[in-house]
Amino acid sequence: MAYETIIAETRGKVGLITLNRPKALNALNSQVLADIVAAAKAFDADDGVGAMVVTGSEKAFAAGADIKEMQAKSYVEAYLEDFFVGWEEFTRARKPVIAAVAGYALGGGCELAMMCDFIIAADSAKFGQPEITLGVMPGMGGSQRLTRFVGKSKAMDMVLTGRMMDATEAERSGLVSRVVPAADLVEEAMKAAEKIADFSLPAVIMAKEAVNRSYDLTLAEGLRFERRVFHSMFALDDQKEGMAAFAEKRKPAFRNR
Ligand code: HXC
């Protein structure tokens, strides 16, 4: 399927989405939103796909929401269309989504990366929430997700000063899971996604759902939820296969059931 602002392709069992508005440093306009949501939905529904990677260019993952598109918006327009609510659709993907970030991930770009399940950063990556410099504040989840990733003090620092964080600081702060050389970024992210895609898909989806529930639930409720999902996994053929393969010292052959 061809899109206007992204390239979506399947490589093995991985769906790769590459933002492709180089002249605007991959600024996220309404077409990018429509394209990314459509591509993620298509990969989620594709039985041949087990995980996704979202990436940008060497210079920019995405330099933010498209400032030129939104600058003339009135309050009532923003309110009535519930501006940015469409991104929630992207976060409904059930299969894991890895953000592979090189260069600028600013404003909505940083927020898009944080909507993914985890972030692998190139050593060139720069993260920031510079909305305050435009007379506004984060609007695609930055005030909430960044705080959960890096804690209040650093989130306040980023959101109130608009300063950027380099890859080293981002890894130290827990924003990204690992940092790799820029030249290897997509390959490393694809390797991680391929690894996930080779596991049992129902087990992967259940594990993702359980980790995400930790955001919404108390520890006691979360532990209960985890245990119940864990119990249900004994109904999977893949649980029997995975454990039998371990006992028989062979590689498991998961069948996603
Ligand atoms: C629209 C953008 C853009 C953006 C860059 N461009 N970022 N267009 N929206 N967010 C465009 C520039 O206008 C320029 O177009 C082209 O991309 C190249 O950018 P330059 O500025 O010339 O590149 P450079 O000098 O290398 O600087 C890179 C940069 C800078 C530091 C990333 O572009 C920058 O500061 N961008 C804005 C970052 C930002 O504030 N993001 C947050 C947006 S608000 P032309 O046509 O001139 O070549 C947001 C959430 C809003 O994300 C939520 C609240 C409602």
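Predicted, not measured: the structure shown is a model, and the values here were computed from it. Starting afresh in each chain, residues are numbered from 1 along the sequence in its written order. Predicted model: local features are reported for residues with pLDDT of at least 70 only, side-chain atom pairs are reported and counted for 80 or more only, and whole-chain, interface and lining totals are derived from all residues. To obtain the side-chain values, all non-hydrogen atoms of the structure were included, while hydrogens and water were left out.

Engineer: Got a minute to help me understand the nonpolar core in this structure?
Structural biologist: Here is a general trend for soluble globular proteins: nonpolar side chains tend to be buried in one another's company. Core analysis: the biggest nonpolar cluster contains 47 residues, and Trp-87, Phe-90, Phe-127 and Leu-175 have the highest contact counts within it. Helix numbering and strand numbering both begin at the N terminus, where a helix is a DSSP run of H or I of at least 4 residues and a strand a DSSP run of E of at least 2. No other element matches helix 1 (residues 30-45), which puts seven residues into this core. Trp-87 has contacts with Leu-28, Leu-33, Ile-36, Leu-112, Met-115 and Met-140, leaving out every residue within four places of it along the chain. Formed by 17 residues, the second largest nonpolar core is a distinct cluster that contains Ala-100, Ala-102, Leu-185 and Ala-192. For the purposes of this section, nonpolar cores are sets of buried Ala, Val, Leu, Ile, Met, Phe, Trp, Tyr and Cys residues that join through side-chain atoms within 4.5 Å. Each residue is placed in one exposure class: buried if its accessible area under a 1.4 Å probe, protein chains only, is under 20% of its type's maximum, exposed if it is over 50%, and partly exposed if it falls in between. When checking whether two residues touch, look at their non-hydrogen atoms; a contact exists if any pair is within 4.5 Å.

Engineer: Just checking my understanding: could you explain the pattern of salt bridges for this structure?
Structural biologist: Any two side chains of opposite charge can pair, on the condition that their charged atoms come close. Salt bridges are defined as contacts in which a side-chain nitrogen from Lys or Arg sits within 4 Å of a carboxyl oxygen from Asp or Glu. This structure, assessed with the given rule, holds 16 salt bridges. Close ionic contact of Glu-81 with Lys-73 constitutes a salt bridge, the shortest N to O distance being 3.0 Å. Judged by relative accessible area, which is 43%, Glu-81 ranks as partly exposed.

Engineer: Looking at this model, I keep getting lost on unusual backbone geometry. Mind explaining?
Structural biologist: With a phi close to 50°, Leu-25 is a non-glycine residue in the positive phi region. Its location among the elements puts Leu-25 in the loop between strand 2 (14-19) and helix 1. Although it is not a glycine, Asp-82 adopts a positive phi angle of roughly 50°. Assignment of secondary structure puts Asp-82 in the loop between helix 3 (75-80) and helix 4 (87-90). Relative accessible area serves as the criterion here: at 45%, Asp-82 is assigned to the partly exposed category.

Engineer: Before we go on, may I ask you to explain the site of the ligand in this structure?
Structural biologist: Residues are counted as near a molecule or strand when any one of their heavy atoms sits within 4 Å of it. Close to the ligand lie 23 residues; Lys-59, Ala-63, Ala-65, Lys-68 and Gly-108 are nearest. Any pair of nitrogen or oxygen atoms within 3.5 Å is treated as a polar contact; in protein, a donor-acceptor pairing is required on top of that, and neighbouring residues in sequence qualify only through side-chain atoms on both sides. A distance of 3.3 Å separates an oxygen atom of the ligand from a polar atom in the backbone of Lys-23. Residue Lys-59 places a side-chain N or O atom 2.6 Å away from an oxygen atom belonging to the ligand. Areas reported here follow the Shrake-Rupley algorithm with a probe of radius 1.4 Å; residue values treat only the protein chains shown as occluding. Alone, the ligand offers 1000 Å² of accessible surface; in the complex the protein occludes 65% of this. Of all the secondary-structure elements, those providing two or more residues to the shell around the ligand are helix 2 (67-70) and strand 6 (104-106). Broken down by element, the residue count for the shell around the ligand peaks at three residues, all from helix 2. Gly counts as polar in this scheme, as do all residues outside two lists: the nonpolar Ala, Val, Leu, Ile, Met, Phe, Trp, Tyr, Cys and Pro, and the charged Asp, Glu, Lys and Arg. Each residue belonging to the shell around the ligand can be placed in one class, and the counts come to 14 nonpolar, four polar and five charged.

Engineer: Where do I start with the packing of aromatic side chains in this structure?
Structural biologist: Given two aromatic rings, one states the distance between the centres and the angle between the planes to describe the pair. Stacked, tilted and edge-to-face are the three classes applied to pairs of Phe, Tyr and Trp rings, where Trp contributes its six-membered ring and a pair requires centres within 6.5 Å; stacked means planes under 30 degrees apart, edge-to-face means over 60, and tilted covers the rest. According to the stated counting rule, one finds three aromatic pairs in the structure shown. Ring plane angle 20° and centroid distance 5.8 Å describe the contact between Tyr-75 and Tyr-79, whose orientation is recorded as stacked. You can see Tyr-75 and its partner Tyr-79 sitting in helix 3, four residues apart, about one turn around the helix. What makes Tyr-79 exposed here is its relative accessible area of 57%. With a centroid separation of 4.1 Å and 20° between ring planes, the pair formed by Phe-83 and Phe-84 is classed as stacked. Whether a charge sits over a ring comes down to the Lys NZ or Arg CZ being within 6 Å of the ring centre and within 35 degrees of the ring normal. The ring centre of Tyr-104 lies 5.2 Å from the NZ or CZ of Lys-126, which sits over that ring. Over the face of the ring belonging to Phe-225 we find Arg-213, whose NZ or CZ atom lies 4.4 Å from the ring centre.

Engineer: I would appreciate a short explanation of the sheet that holds strand 10 (residues 178-180) in the present structure.
Structural biologist: The pairing of strands in a sheet comes from backbone hydrogen bonds and takes either a parallel or an antiparallel form. Note on pairing: DSSP must find at least two bridges between two strands before they are called paired. Pairing is mixed across the open sheet formed by six strands, whose spatial order is 1-2-3-5-7-10. Where the open sheet ends on each side, the last strands, each with one partner, are strand 1 (6-11) and strand 10. On average, each strand axis in the sheet is tilted by 20° relative to the strand beside it, whichever way the strands run. Lying on the sheet, helix 9 (residues 185-198) is in contact with strand 1, strand 2, strand 3 (51-55), strand 5 (97-101), strand 7 (118-122) and strand 10; it crosses strand 3 at an angle near 165°. To define axes, lines are fitted to C-alpha atoms, for helices over the stretch in contact only, and angles between the resulting N-to-C directions are given on a 0 to 180 degree scale.

Engineer: What should I look at first to understand helix 7 (residues 152-161) in this one?
Structural biologist: An α-helix turns once every 3.6 residues. As a result, residues three or four positions apart point the same way. Of all the positions in helix 7, only Ala-155, Met-158 and Val-159 are classed as buried. An end-on view of helix 7 places all buried positions within 90° of arc, on one side of the element. More than 90 degrees from the buried face of helix 7, the exposed residues found are Ser-153 and Leu-160. Packing partners of the buried residues in helix 7 comprise strand 8 (126-128), helix 6 (142-150) and strand 9 (164-166). Picture the helix axis, draw a direction to every C-beta atom, and the arc is the one those directions span.

Engineer: Even after reading the chapter, I still don't get the pairing of strand 1, so can you show me in this structure?
Structural biologist: Where a strand is regular, its side chains alternate between the two sheet faces. As defined by bridge partners, strand 1 adjoins strand 2 across six bridges and the pair is classed as antiparallel. Among the inter-strand pairings, Ile-7 is bridged to a residue of strand 2, identified as Thr-18.

Engineer: Please clarify how the pairing of strand 2 should be interpreted in this entry.
Structural biologist: Taken across its six residues, strand 2 has six buried, putting it largely inside the fold. Side-chain alternation along strand 2 places Val-14, Leu-16 and Thr-18 on one buried face and Gly-15, Ile-17 and Leu-19 on a second face that is also buried. In textbook terms, the turn of a hairpin is the stretch between consecutive antiparallel strands, and for strand 1 and strand 2 this stretch comprises two residues, one of which, Gly-12, has a positive phi near 60°. As paired elements, strand 2 and strand 3 share five bridges and run parallel to each other. By the bridge assignment, Ile-17 is partnered in strand 3 with Val-54.

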